[in-house]
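# An overview of the molecular structure
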Amino acid sequence: MDALACSASNLSRLLGGAANATAAAEYICGRFEAVSNKFVDTGYAIDNTYLLFSAYLVFVMQLGFAMLCAGSVRAKNTMNIMLTNVLDAATGGLFYYLFGFAFAFGNPSNGFIGKHFFGLEAFPSPSFDYGYFLYQWAFAIAAAGITSGSIAERTQFVAYLIYSSFLTGLVYPIVSHWFWSSDGWASPTRTDNNLLFGSGVIDFAGSGVVHMVGGIAGLWGALIEGPRIGKFDHNDRPATMRGHSGTLVVLGTFLLWFGWYGFNPGSFVYILKTYGESGSYYGQWSAIGRTAITTTLAGCSAALTTLFGKRLIAGHWNVTDVCNGLLGGFAAITGGCSVVDPWAAIICGFVAAWILIGCNKLAEKFKYDDPLEAAQLHGGCGAWGVIFTGLFAKESYVNEVYPGKPGRPYGLFMGGGGKLLAAHIVQILVITGWVSVTMGTLFWLLNKLKLLRISTDEEMAGMDLTSHGGLAYAYHDDLDSTQKGGFMMA
């Protein structure tokens, strides 16, 4: 927010030729500037408070991931998956502080990687305040949390620590630099206006940057590890390995839904911004409200489509499938939530649900085992969200959210040509390639070093007993430690 100016020399002439006119003008201008500076301070305070509140909402998603993961695995692995979610946040916090934020947003830099703000040196700056770091850290650990679901119930604990550090400290930050930093080679906000296909990539809150990165990383981890014992029989038919708590799945889903209102609307970063002349009822606060609506409608559409789609396919109403469908709709709308109409969000969710169902069918065909459907949900639906934005982004919304470049390309189906869609296809290709090379190589090395998968005996007994000191649930109060050690649970 710019401060208002007051000129004592100009004002003194308006006060007439009195002897004290200059002194009076200086006094009035001094008071005026003090009030003006207070408004500037208030503007910064409002925007930073909005961003901090959004960061807190996104962080609540970690609790949602933890509950969803716990409910989706068997009871004998509950402690393990809960601990990995805690450590995603803790490990990610340190590595994003030391390296990640600098690699992502360390401007000025080149188009590939940032090179300033290591360990938050020279913080705060005119570009970033502390709240922005907190917000971006919450995004980084969300990507790591996605990956942990794909490799649940069969992964060594040390592997979680290694991959989480690598993902949040290097792999994810470089992708976010490409598409979100003002210096990124595919960013829509490049300061030199040298934009990819004249538009850059509009991935507003991260269908590609967050969800595809986490999903593809999980895909490689699960592929290299192989399926859980008992997931496929000798005829390659998939067995049902239900999570132990539908209650936790639903609780986690609602917490993620709640947190998504920080994830998507919060990505505006600023709320106190007008579109056009000040004094209007319409401004960035309106776009934030619209973004919350598109987010909601995409999730609702996907949930209902999954409900009836799975009913037709499987013959029953399944709450876990509906929860995953809902989250798939959210993952898909995340990239274009700020630049599409609410009616388009309904289409986004409808298609996302069928993409998730189709990806799950392919997973069964190729004997791919992902306990939380994380790669299918975040990778598949995230990729659809990238394409969806290239098709349905609306011209007026694009110019409001990404101002300063008249004639910027927008959605193909909205009359904006194919340039934005072309940029988004490039995004899908480069994210897939980058994450495959980095995370695929890491998981391959861990597997070669025998640091990735647990032993058969450990997997059959459950990691809670073999690695974490006991079961998550006490079924009999009178069991002593010796009896607990021999307790077997499917």
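Everything numeric here is computed off the predicted structure, so don't read it as measured data. Note that residues are indexed from 1 along each chain, following the sequence as it is written. Local features in this predicted model are restricted to residues whose pLDDT is 70 or higher, and side-chain atom pairs enter the listing and the counts only when it is 80 or higher, whereas totals over whole chains, interfaces and linings include all residues. With hydrogens and water set aside, each side-chain value is computed from the structure's full complement of heavy atoms.

## Brief notes about the overall build of the chain
- Labels follow the DSSP assignment, with helices taken as runs of H or I lasting at least four residues and strands as runs of E lasting at least two, numbered in each case from the N terminus. From N to C terminus, the chain includes 16 helices and 0 strands.
- Rg of the C-alpha trace for the chain: 25 Å, near the compact-globule value of 23 Å for 490 residues, within the 12% margin.
- By the burial criterion, 55% of the 490 residues in the chain qualify as buried.
- In what follows, a contact means two residues having at least one pair of non-hydrogen atoms within 4.5 Å. Sequence separation of at least 24 residues holds for 74% of the intrachain contacts in the chain that already meet a minimum separation of 6. As a reference, a globule follows 2.2 Å times the number of residues to the power 0.38, and the radius of gyration itself is taken over C-alpha atoms. Summary of the burial criterion: residues with accessible area below 20% of their type's maximum are buried, those above 50% are exposed, and those between are partly exposed, where the area comes from a 1.4 Å probe applied to protein chains only.

## Remarks on unusual backbone geometry
- For the peptide bond that leads from N107 to P108, omega is -5°, which places it in the cis range.
- Mapping P108 onto the fold places it in the loop between α3 (78-105) and α4 (130-150).
- Here the residue pair F123 and P124 is connected by a cis peptide bond, since its omega of -10° sits within 30 degrees of zero.
- For P124, the location among the structural elements is in the loop between α3 and α4.
- For D236, which is not glycine, the phi dihedral falls at a positive 65°.
- The residue D236 is located in the loop between α6 (207-225) and α7 (246-263) in this model.
- Looking at D236, the relative accessible area reads 41%, which means it is partly exposed.
- The backbone of E373 sits at a positive phi, close to 55°, despite the residue not being glycine.
- Here E373 is to be found in the loop between α10 (342-365) and α11 (374-392).

## Describing α6
- Under the convention used throughout, the expected extent of a helix is 1.5 Å for every residue step, that is, one less than its residue count. Helix length check: α6, at 19 residues, gives a terminal C-alpha distance of 26 Å against a target of 27 Å (1.5 Å per residue), a fit within 8%.
- Of all 19 residues in α6, 15 are buried, a share of seventy percent or more.
- Positive phi shows up at G226, right after α6, with a value of about 90°.

## A closer look at the pattern of salt bridges
- Here, a salt bridge means any side-chain nitrogen of Lys or Arg that lies within 4 Å of a carboxyl oxygen of Asp or Glu. Counted according to the given criterion, the structure contains 10 salt bridges.
- Here E153 makes a salt bridge to R74, at a shortest N to O gap of 3.1 Å. In this pair, E153 sits in the loop between α4 and α5 (157-180) while R74 sits in the loop between α2 (21-72) and α3, placing the two residues 79 residues apart along the sequence. In terms of burial, E153 and R74 fall into one category: buried.
- The shortest N-O distance in the salt bridge between R237 and D233 comes to 3.1 Å.

## Some details on the confidence of the model for the chain
- You can read pLDDT as the predictor saying how much it trusts each residue, on a scale of 0 to 100. On average, residues of the chain score 91 in pLDDT, and 92% of them reach the 70 mark or higher.
- Taken as a whole, residues 478-490 scores under 50 in pLDDT and shows 15 contacts with residues more than four places along the chain or in a different chain.

## Notes on a nonpolar patch on the surface
- What goes into a patch is any residue over 30% in relative accessible area without a salt bridge, connected to like charges within 9 Å or, for nonpolar side chains (Val, Leu, Ile, Met, Phe, Trp, Tyr), within 5 Å. Throughout, the Shrake-Rupley method with a 1.4 Å probe supplies accessible areas, and for residues the shown protein chains are the sole cover considered. Nonpolar side chains collect at one region of the surface, where Y97, L98, F99 and F118 lie side by side and expose about 330 Å² of accessible area between them.
- Note on placement: Y97 falls in helix α3.

## A few points about the packing of aromatic side chains
- For Phe, Tyr and Trp, where Trp contributes only its six-membered ring, two rings pair if their centres lie within 6.5 Å, and the inter-plane angle classes them as stacked under 30 degrees, edge-to-face over 60, or tilted in between. Using the criterion set out here, one finds 40 aromatic pairs in the structure.
- Centre to centre, the rings of F179 and W185 are 6.0 Å apart; their planes meet at 55°, and the pair counts as tilted.
- Under the relative-accessibility criterion, F179 is labelled buried at 1%.
- Judged by its relative accessible area of 28%, W185 falls in the partly exposed class.
- Ring centres 6.0 Å apart and planes at 80° place the aromatic pair W343 and F392 in the edge-to-face group. Of this pair, W343 sits in helix α10 while F392 sits in helix α11, and the two are 49 residues apart along the sequence.
- The exposure class of W343 is partly exposed, given its relative accessible area of 44%.
- Joined through ring pairs, the aromatic side chains of Y96, F101, F105, F117, F123, F128, Y130, Y132 and F133 make up one cluster.
- In this analysis the charged atom, NZ for Lys or CZ for Arg, is taken to sit over a ring once it is within 6 Å of the ring centre and within 35 degrees of the ring normal. Taking NZ or CZ as reference, R290 lies 3.6 Å from the ring centre of Y397, over its face.

## Examining the nonpolar core
- In terms of nonpolar packing, the biggest core is built from 119 residues, with F101, Y172 and V210 touching the most fellow members.
- With 12 residues, α4 is the largest single contributor of residues to this core.
- Contact partners of F101, with chain neighbours within four places excluded, come to Y96, G106, F117, L120, F123, F128, Y132, F133 and Q136. Remark: nonpolar core denotes a set of buried residues (Ala, Val, Leu, Ile, Met, Phe, Trp, Tyr, Cys) joined through side-chain atoms within 4.5 Å.

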